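Overview (structure and organization)
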Amino acid sequence: MPDFMEQRRLARLIDKTTQQLGELPVPEKGWIATVRRALGMSAEQVALRKGVSRNAVYQAERSEKEGAVSLKQMELLAKAMGGRFVYAIVPDGRIEDIKYRQALLKARQLITSEPDFASWPSDEVQDWIEDKAAELLHDMPQTFWESSERKA
């Protein structure tokens, strides 16, 4: 696990990259077919440059659309077309915002274990949640990313 300074450096890098990429729509026919066609290359020409059969190029195009193409295959095809393959995980927002949302979720889960919290005034509940979220963000315990609301 990176230390605090390393986490901040990585968060800035990811946030900057996310901002640069913005919304990057995938072409309807996929990247392989779209770049190949934009270059005016036939599948056979790409195949010759990659050292595979024309059918292998068509299969890669189909696999890409199905989400089953390998990263290595994308890299080799990009190179065969005079390009480079770039992949990324683009977060849905700033890294600090994602962490803060998780801290709030975790704090809301934790408050239910506090004695008599249901009888607390709403402003005290909100203060407790915000204070606990700040504490969780600062301490980043092992269980920080665990929650009862798991997503696929």
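Attention here is on the structure that accompanies the text.

The helix and strand inventory of the protein chain stands at 7 helices and 0 strands. Seen in sequence order, the protein chain has helices and strands lined up from the N terminus as α-α-α-α-α-α-α. Considering only C-alpha atoms, the protein chain reaches an extent of 70 × 30 × 25 Å along its principal axes. In the protein chain, which comprises 152 residues, the share counted as buried stands at 27%. In the protein chain, the proportion of contacts linking residues at least 24 apart, taken out of those at least 6 apart, comes to 57%. Roughly 11,300 Å² of accessible area belongs to the protein chain as shown, and the carbon and sulfur atoms make up 53% of that amount.

Next up on the list: helix α2 (residues 31-39). Of all the positions in α2, only Ile32, Ala33 and Arg36 are classed as buried. Viewed end-on, α2 has its buried residues packed into an arc of 90°, placing them on one side of the element. Gly40 sits one or two residues past α2 and shows a positive phi near 75°.

The subject of this paragraph is the side chain of Glu61. Along the chain, the position of Glu61 falls in helix α4 (residues 54-66). In this structure the side chain of Glu61 is engaged in a polar contact, spanning 2.7 Å, whose partner is the side chain of Arg36. When near neighbours in sequence (up to four residues on either side) are disregarded, Glu61 contacts Ile32, Ala33 and Arg36.

Calculation criteria
- Residues numbered from 1 in each chain as written.
- Predicted model: local features only at pLDDT ≥ 70, side-chain atom pairs only at ≥ 80, totals over all residues.
- Heavy atoms only, no water.
- Helix = DSSP H or I, 4+ residues; strand = E, 2+ residues; numbered from the N terminus.
- Buried < 20%, exposed > 50% of the residue type's maximum accessible area, 1.4 Å probe, protein only.
- Contact = heavy atoms within 4.5 Å.
- Areas by Shrake-Rupley, 256 points an atom, 1.4 Å probe, with all protein chains shown as cover.
- Arc of directions from axis to C-beta.
- Polar contact = N/O pair within 3.5 Å; in protein donor to acceptor, adjacent residues only side chain to side chain.

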